[in-house]
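Geometric and topological summary
Given next are the chains, with one letter for each unit.
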Amino acid sequence: MNPNLNRLRRSMMFLNAQKPSLIKDPYIYKPDSIMLDLEDAVAENQKDAARYSLYHALKEIDYRGVERVVRINGLETPHWKEDVRVCVAGRCDSIRISKTESAADVLAVQAEMEKAEEEFGVEKGSILLMAALESCKGVLNAYEICMSSPLLFGVALSGGDYTKDLQTKITGTGVELMGARQSMIIAARAAGKQCFDTVFTNLDDMEGFRKEVEMIKMMGFDGKSIVNPRQIAVTHEIFTPTEKEIIFAEKVVKEVDEKKAKGIGVFTVDGKMIDIAFYPGAKRTIEMAKAAGVYEGDL
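We now turn to the structure provided with this report.

Rules behind the numbers
Residues numbered from 1 in each chain as written. Predicted model: local features only at pLDDT ≥ 70, side-chain atom pairs only at ≥ 80, totals over all residues. Heavy atoms only, no water. Axes fitted to C-alpha atoms, helices over the stretch in contact; angles between N-to-C directions. Helix = DSSP H or I, 4+ residues; strand = E, 2+ residues; numbered from the N terminus. Parallel < 35°, antiparallel > 145°, perpendicular 65-115°, else oblique. Left-handed = near helix turned anticlockwise from the far one by under 90°. Contact = heavy atoms within 4.5 Å. Salt bridge = Lys/Arg side-chain N within 4 Å of Asp/Glu carboxyl O. Expected span 1.5 Å × (residues − 1). Buried < 20%, exposed > 50% of the residue type's maximum accessible area, 1.4 Å probe, protein only. Arc of directions from axis to C-beta. Pairing = 2+ DSSP bridges. Phe/Tyr/Trp six-rings, centres within 6.5 Å; stacked < 30°, edge-to-face > 60°. Lys NZ or Arg CZ within 6 Å of the ring centre and 35° of its normal. Core = buried A, V, L, I, M, F, W, Y, C linked by side-chain atoms within 4.5 Å.

Examining the packing of helix α2 (residues 47-60) against helix α3 (residues 80-90)
Running from N to C, α2 and α3 point in directions that differ by 20 degrees, and their axes come no closer than 8 Å. When the interaxial angle is binned, α2 and α3 end up roughly parallel. α3 is crossed by α2, and the crossing has right-handed handedness. Touching Arg51, Leu54, Tyr55, Leu58 and Lys59 of α2 are Glu82, Asp83, Val86, Cys87, Ala89 and Gly90, all from α3.

Next up, the structure:
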(Lines give C-alpha, C1' and ligand atoms only; values in the text may rest on other atoms or scores of the structure.)
Protein backbone atom coordinates (compact mmCIF):
# COMPACT_ATOMS: atom_id res chain seq x y z
CA MET A 1 0.00 0.00 0.00
CA ASN A 2 1.26 3.48 -0.85
CA PRO A 3 2.35 5.08 2.46
CA ASN A 4 1.08 8.48 1.28
CA LEU A 5 -2.58 7.44 1.13
CA ASN A 6 -3.36 8.87 4.55
CA ARG A 7 -0.71 11.55 4.89
CA LEU A 8 -1.49 14.89 6.55
CA ARG A 9 -3.20 17.19 4.04
CA ARG A 10 -4.51 20.20 5.95
CA SER A 11 -3.72 22.67 3.16
CA MET A 12 -3.56 22.20 -0.61
CA MET A 13 -2.42 25.39 -2.34
CA PHE A 14 -3.32 26.05 -5.99
CA LEU A 15 -0.56 27.27 -8.32
CA ASN A 16 -0.56 27.95 -12.06
CA ALA A 17 1.74 25.26 -13.47
CA GLN A 18 2.69 27.56 -16.34
CA LYS A 19 4.29 30.26 -14.18
CA PRO A 20 7.85 29.50 -13.01
CA SER A 21 7.72 32.38 -10.52
CA LEU A 22 4.87 30.64 -8.69
CA ILE A 23 6.05 27.04 -8.80
CA LYS A 24 9.79 27.42 -8.19
CA ASP A 25 9.70 27.65 -4.38
CA PRO A 26 6.21 27.40 -2.79
CA TYR A 27 7.66 25.01 -0.20
CA ILE A 28 8.96 28.05 1.70
CA TYR A 29 5.39 28.69 2.88
CA LYS A 30 5.14 25.10 4.17
CA PRO A 31 1.76 23.99 2.81
CA ASP A 32 1.11 20.28 3.20
CA SER A 33 0.39 19.94 -0.53
CA ILE A 34 0.63 22.09 -3.63
CA MET A 35 -1.81 21.85 -6.52
CA LEU A 36 0.01 22.45 -9.81
CA ASP A 37 -2.84 23.47 -12.09
CA LEU A 38 -3.04 22.54 -15.77
CA GLU A 39 -6.76 23.24 -16.01
CA ASP A 40 -8.60 26.50 -15.30
CA ALA A 41 -5.49 28.60 -14.61
CA VAL A 42 -4.07 27.84 -18.07
CA ALA A 43 -5.43 29.37 -21.29
CA GLU A 44 -6.54 26.95 -24.02
CA ASN A 45 -3.64 27.87 -26.32
CA GLN A 46 -1.07 27.53 -23.52
CA LYS A 47 -1.64 23.92 -22.47
CA ASP A 48 1.55 22.60 -24.10
CA ALA A 49 3.64 25.36 -22.53
CA ALA A 50 2.14 24.58 -19.11
CA ARG A 51 2.95 20.88 -19.46
CA TYR A 52 6.53 21.73 -20.42
CA SER A 53 6.88 23.96 -17.36
CA LEU A 54 5.29 21.35 -15.13
CA TYR A 55 7.56 18.53 -16.29
CA HIS A 56 10.73 20.49 -15.61
CA ALA A 57 9.46 21.66 -12.23
CA LEU A 58 8.71 18.09 -11.17
CA LYS A 59 12.08 16.82 -12.38
CA GLU A 60 14.32 19.67 -11.22
CA ILE A 61 12.84 21.29 -8.09
CA ASP A 62 13.21 19.83 -4.62
CA TYR A 63 9.89 20.60 -2.96
CA ARG A 64 11.26 19.43 0.41
CA GLY A 65 8.54 16.99 1.36
CA VAL A 66 5.58 19.04 0.17
CA GLU A 67 3.17 16.79 -1.74
CA ARG A 68 3.00 17.63 -5.45
CA VAL A 69 -0.53 17.18 -6.80
CA VAL A 70 -1.32 18.02 -10.43
CA ARG A 71 -4.81 19.06 -11.52
CA ILE A 72 -5.34 17.73 -15.02
CA ASN A 73 -7.87 18.93 -17.57
CA GLY A 74 -11.30 17.32 -17.61
CA LEU A 75 -12.06 14.11 -19.47
CA GLU A 76 -14.31 16.03 -21.86
CA THR A 77 -11.24 17.84 -23.24
CA PRO A 78 -8.54 16.66 -25.68
CA HIS A 79 -5.82 17.48 -23.14
CA TRP A 80 -6.17 15.07 -20.25
CA LYS A 81 -4.33 12.05 -21.64
CA GLU A 82 -1.20 14.05 -22.41
CA ASP A 83 -1.56 15.68 -18.98
CA VAL A 84 -1.43 12.23 -17.39
CA ARG A 85 1.65 11.25 -19.42
CA VAL A 86 3.52 14.34 -18.26
CA CYS A 87 2.47 13.80 -14.65
CA VAL A 88 3.82 10.26 -14.71
CA ALA A 89 6.97 11.14 -16.67
CA GLY A 90 7.70 13.87 -14.13
CA ARG A 91 6.81 11.55 -11.25
CA CYS A 92 4.35 13.75 -9.40
CA ASP A 93 2.87 12.43 -6.15
CA SER A 94 -0.83 12.62 -7.05
CA ILE A 95 -3.16 13.49 -9.91
CA ARG A 96 -6.39 15.43 -9.30
CA ILE A 97 -9.15 14.49 -11.73
CA SER A 98 -11.28 17.47 -12.70
CA LYS A 99 -15.07 17.30 -13.02
CA THR A 100 -15.33 13.71 -11.77
CA GLU A 101 -18.86 12.34 -12.04
CA SER A 102 -18.48 8.57 -11.79
CA ALA A 103 -16.21 5.69 -10.87
CA ALA A 104 -15.68 5.18 -14.60
CA ASP A 105 -13.98 8.59 -14.79
CA VAL A 106 -11.48 7.58 -12.10
CA LEU A 107 -10.81 4.21 -13.73
CA ALA A 108 -10.26 5.86 -17.12
CA VAL A 109 -7.55 8.10 -15.67
CA GLN A 110 -6.05 5.19 -13.77
CA ALA A 111 -5.83 3.15 -16.98
CA GLU A 112 -3.97 5.98 -18.73
CA MET A 113 -1.72 6.37 -15.71
CA GLU A 114 -0.83 2.68 -15.78
CA LYS A 115 0.04 2.89 -19.48
CA ALA A 116 2.30 5.85 -18.78
CA GLU A 117 3.92 4.09 -15.82
CA GLU A 118 4.87 1.25 -18.12
CA GLU A 119 6.05 3.66 -20.81
CA PHE A 120 8.33 5.64 -18.46
CA GLY A 121 9.39 2.86 -16.11
CA VAL A 122 7.59 4.29 -13.09
CA GLU A 123 6.65 1.95 -10.24
CA LYS A 124 3.00 0.97 -10.50
CA GLY A 125 0.90 2.43 -7.71
CA SER A 126 3.49 5.03 -6.72
CA ILE A 127 1.29 7.89 -7.96
CA LEU A 128 -2.05 8.45 -6.26
CA LEU A 129 -5.35 9.89 -7.46
CA MET A 130 -7.91 12.31 -6.06
CA ALA A 131 -11.25 13.36 -7.52
CA ALA A 132 -12.74 16.83 -7.71
CA LEU A 133 -16.53 16.83 -7.50
CA GLU A 134 -17.85 19.83 -9.40
CA SER A 135 -21.44 18.96 -10.33
CA CYS A 136 -24.65 17.71 -8.79
CA LYS A 137 -24.10 14.34 -10.48
CA GLY A 138 -20.61 14.12 -9.05
CA VAL A 139 -21.84 14.85 -5.52
CA LEU A 140 -24.66 12.30 -5.85
CA ASN A 141 -22.10 9.69 -6.93
CA ALA A 142 -19.61 10.57 -4.20
CA TYR A 143 -19.58 7.13 -2.55
CA GLU A 144 -19.23 5.32 -5.88
CA ILE A 145 -16.31 7.61 -6.75
CA CYS A 146 -14.68 7.12 -3.35
CA MET A 147 -14.87 3.34 -3.76
CA SER A 148 -13.59 3.34 -7.36
CA SER A 149 -9.90 2.66 -6.76
CA PRO A 150 -7.49 1.84 -3.94
CA LEU A 151 -5.21 4.53 -5.38
CA LEU A 152 -7.82 7.24 -4.77
CA PHE A 153 -6.94 8.94 -1.49
CA GLY A 154 -9.82 11.39 -1.38
CA VAL A 155 -12.34 13.76 -2.92
CA ALA A 156 -12.50 17.55 -3.03
CA LEU A 157 -15.38 19.94 -3.54
CA SER A 158 -15.12 22.55 -6.29
CA GLY A 159 -17.66 25.08 -5.08
CA GLY A 160 -17.66 27.46 -8.04
CA ASP A 161 -18.60 24.91 -10.69
CA TYR A 162 -20.90 23.05 -8.32
CA THR A 163 -22.98 26.13 -7.51
CA LYS A 164 -23.28 26.94 -11.21
CA ASP A 165 -24.67 23.46 -11.79
CA LEU A 166 -26.97 23.96 -8.80
CA GLN A 167 -28.16 27.21 -10.45
CA THR A 168 -27.11 29.41 -7.57
CA LYS A 169 -23.91 31.17 -6.51
CA ILE A 170 -21.38 31.40 -3.70
CA THR A 171 -23.01 33.61 -1.07
CA GLY A 172 -20.49 33.52 1.76
CA THR A 173 -23.05 32.01 4.12
CA GLY A 174 -22.22 28.41 3.22
CA VAL A 175 -25.91 27.53 2.81
CA GLU A 176 -25.58 26.71 -0.89
CA LEU A 177 -22.69 24.30 -0.22
CA MET A 178 -24.00 22.59 2.91
CA GLY A 179 -25.71 19.68 1.13
CA ALA A 180 -22.65 18.87 -0.98
CA ARG A 181 -20.28 19.19 1.95
CA GLN A 182 -22.34 16.89 4.13
CA SER A 183 -22.89 14.32 1.38
CA MET A 184 -19.21 14.23 0.48
CA ILE A 185 -17.88 13.88 4.00
CA ILE A 186 -20.35 11.07 4.74
CA ALA A 187 -19.37 9.25 1.53
CA ALA A 188 -15.66 9.73 2.15
CA ARG A 189 -15.84 8.44 5.72
CA ALA A 190 -17.96 5.46 4.68
CA ALA A 191 -15.30 4.59 2.10
CA GLY A 192 -12.32 5.33 4.35
CA LYS A 193 -11.11 8.24 2.20
CA GLN A 194 -10.11 11.83 2.88
CA CYS A 195 -12.30 14.83 2.06
CA PHE A 196 -11.28 18.40 1.21
CA ASP A 197 -13.22 21.62 1.07
CA THR A 198 -13.37 24.18 -1.71
CA VAL A 199 -11.36 27.41 -1.94
CA PHE A 200 -12.21 30.70 -0.22
CA THR A 201 -11.31 33.42 -2.70
CA ASN A 202 -11.88 36.65 -0.74
CA LEU A 203 -8.36 37.30 0.53
CA ASP A 204 -9.46 40.50 2.27
CA ASP A 205 -11.85 38.59 4.54
CA MET A 206 -9.54 36.58 6.77
CA GLU A 207 -12.15 36.53 9.55
CA GLY A 208 -14.63 34.94 7.17
CA PHE A 209 -11.97 32.48 6.05
CA ARG A 210 -11.24 31.46 9.64
CA LYS A 211 -14.93 30.90 10.37
CA GLU A 212 -15.31 28.75 7.26
CA VAL A 213 -12.27 26.62 8.12
CA GLU A 214 -13.54 26.17 11.69
CA MET A 215 -16.90 25.07 10.30
CA ILE A 216 -15.53 22.47 7.89
CA LYS A 217 -13.23 21.14 10.61
CA MET A 218 -16.29 20.60 12.80
CA MET A 219 -18.02 18.89 9.88
CA GLY A 220 -15.20 16.35 9.65
CA PHE A 221 -13.15 17.52 6.67
CA ASP A 222 -9.45 16.69 6.48
CA GLY A 223 -8.31 19.98 4.98
CA LYS A 224 -9.00 22.88 2.65
CA SER A 225 -7.98 23.95 -0.83
CA ILE A 226 -6.37 27.38 -0.66
CA VAL A 227 -5.33 30.06 -3.15
CA ASN A 228 -2.82 32.15 -1.20
CA PRO A 229 0.02 31.56 1.30
CA ARG A 230 -1.73 33.90 3.74
CA GLN A 231 -4.33 31.19 4.29
CA ILE A 232 -1.88 28.47 5.32
CA ALA A 233 -1.22 29.48 8.93
CA VAL A 234 -4.92 29.75 9.82
CA THR A 235 -5.71 26.42 8.16
CA HIS A 236 -2.88 24.61 9.92
CA GLU A 237 -3.76 26.14 13.27
CA ILE A 238 -7.35 24.94 13.06
CA PHE A 239 -6.54 21.47 11.70
CA THR A 240 -3.70 20.79 14.15
CA PRO A 241 -4.64 19.29 17.54
CA THR A 242 -4.21 21.69 20.45
CA GLU A 243 -2.08 20.88 23.47
CA LYS A 244 -5.26 20.33 25.50
CA GLU A 245 -6.64 17.91 22.89
CA ILE A 246 -3.35 16.00 22.76
CA ILE A 247 -3.12 15.63 26.54
CA PHE A 248 -6.72 14.37 26.72
CA ALA A 249 -6.13 11.93 23.85
CA GLU A 250 -3.04 10.55 25.60
CA LYS A 251 -5.06 9.99 28.77
CA VAL A 252 -7.83 8.23 26.86
CA VAL A 253 -5.44 5.90 25.04
CA LYS A 254 -3.52 5.01 28.19
CA GLU A 255 -6.67 4.53 30.27
CA VAL A 256 -8.38 2.37 27.64
CA ASP A 257 -5.29 0.18 27.28
CA GLU A 258 -5.01 -0.20 31.06
CA LYS A 259 -8.71 -0.73 31.79
CA LYS A 260 -9.21 -3.11 28.87
CA ALA A 261 -6.55 -5.40 30.33
CA LYS A 262 -8.50 -5.39 33.60
CA GLY A 263 -11.84 -6.04 31.93
CA ILE A 264 -13.20 -2.56 32.67
CA GLY A 265 -15.30 -1.12 29.84
CA VAL A 266 -16.46 2.27 31.13
CA PHE A 267 -14.51 4.79 33.18
CA THR A 268 -13.90 8.53 33.53
CA VAL A 269 -11.13 10.79 32.22
CA ASP A 270 -11.06 14.38 33.50
CA GLY A 271 -14.63 13.94 34.72
CA LYS A 272 -15.93 12.65 31.36
CA MET A 273 -17.41 9.19 30.90
CA ILE A 274 -15.23 7.26 28.42
CA ASP A 275 -15.48 3.84 26.80
CA ILE A 276 -13.74 1.96 24.00
CA ALA A 277 -15.61 3.97 21.34
CA PHE A 278 -13.39 6.99 22.18
CA TYR A 279 -10.20 5.04 21.43
CA PRO A 280 -9.97 5.45 17.60
CA GLY A 281 -10.57 9.20 17.81
CA ALA A 282 -7.92 9.60 20.49
CA LYS A 283 -5.42 7.57 18.47
CA ARG A 284 -6.17 9.69 15.41
CA THR A 285 -5.57 12.89 17.38
CA ILE A 286 -2.15 11.62 18.40
CA GLU A 287 -1.29 10.52 14.86
CA MET A 288 -2.30 13.94 13.51
CA ALA A 289 -0.20 15.64 16.16
CA LYS A 290 2.79 13.48 15.20
CA ALA A 291 2.33 14.24 11.51
CA ALA A 292 2.09 17.96 12.28
CA GLY A 293 5.29 17.80 14.34
CA VAL A 294 3.68 18.91 17.60
CA TYR A 295 3.67 15.63 19.56
CA GLU A 296 6.45 14.89 22.01
CA GLY A 297 4.89 12.03 23.96
CA ASP A 298 5.68 8.33 24.04
CA LEU A 299 2.62 6.81 22.37
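Quick look at the pattern of salt bridges
Per the stated rule, a full pass over the model turns up 27 salt bridges. Among the salt bridges present, the one from aspartate 298 reaches lysine 254, with a minimum N-O distance of 3.7 Å. Highlighted residues: aspartate 298 in the segment after α12 (279-291) and lysine 254 in helix α11 (residues 243-261), separated in sequence by 44 residues. Glutamate 258 is the salt-bridge partner of lysine 262, the closest N and O atoms lying 3.3 Å from each other. Several salt bridges converge on common partners, so that one network encompasses Asp37, Glu39, Asp40, Arg71, Lys99 and Glu134.

Observations regarding helix α8 (residues 175-191)
Between its terminal C-alpha atoms α8 stretches 25 Å, which fits the 24 Å expected from 17 residues at 1.5 Å a residue. Listing the buried residues of α8 in full gives Glu176, Leu177, Ala180, Arg181, Met184, Ile185, Ala187, Ala188 and Ala191. All buried residues of α8 lie within an arc of 165 degrees about the axis, which places them on one face of the element. The exposed set on the far side of α8, more than 90 degrees from its buried face, consists of Val175, Ile186 and Ala190. Directly beyond the C-terminal end of α8, a positive phi value near 75 degrees is found at glycine 192.

Structural notes on the sheet that holds strand β1 (residues 11-16)
Here eight strands make up a closed barrel; going around it, the order is β1-β2-β3-β4-β5-β6-β7-β8 and the pairing parallel. Strand-to-strand twist across the sheet, computed as the mean angle between neighbouring axes with direction ignored, equals 25 degrees. Pairing of strand β2 (residues 33-37) with strand β3 (residues 67-71) involves five bridges; the strand directions are parallel. In the sheet register, serine 33 faces β3, and the bridge partner there is glutamate 67. In the packing of helix α4 (residues 103-120) onto the sheet, contacts are made with β4 (94-97), β5 (128-133) and β6 (152-157), and the angle to β5 comes to roughly 150 degrees. Along the sheet, helix α9 (residues 206-219) makes contact with β7 (194-197) and β8 (223-226), crossing β8 at roughly 145 degrees.

A closer look at the packing of aromatic side chains
Per the counting criterion, the structure on display carries three aromatic pairs. Aromatic pair phenylalanine 153 and phenylalanine 196: ring centres 6.1 Å apart, planes at 80 degrees, arrangement edge-to-face. With phenylalanine 153 in strand β6 and phenylalanine 196 in strand β7, this pair connects stretches of sequence that are 43 residues apart. Note on phenylalanine 153: relative accessible area 1%, which makes it buried. Judged by its relative accessible area of 1%, phenylalanine 196 falls in the buried class. When the ring centre of phenylalanine 153 is taken as origin, the NZ or CZ atom of arginine 9, which lies over that ring, is 3.6 Å away. Over the face of the ring belonging to phenylalanine 267 we find lysine 259, whose NZ or CZ atom lies 5.4 Å from the ring centre.

Structural notes on the nonpolar core
In this structure, Leu36, Leu54, Ile95 and Val155 are the most contacted members of the largest nonpolar core, which totals 73 residues. Broken down by element, the residue count for this core peaks at seven residues, all from α8. If near-sequence neighbours (up to four positions away) are discounted, leucine 36 is found in contact with Leu15, Ala17, Ile23, Leu54, Leu58, Val69, Val70 and Arg71.

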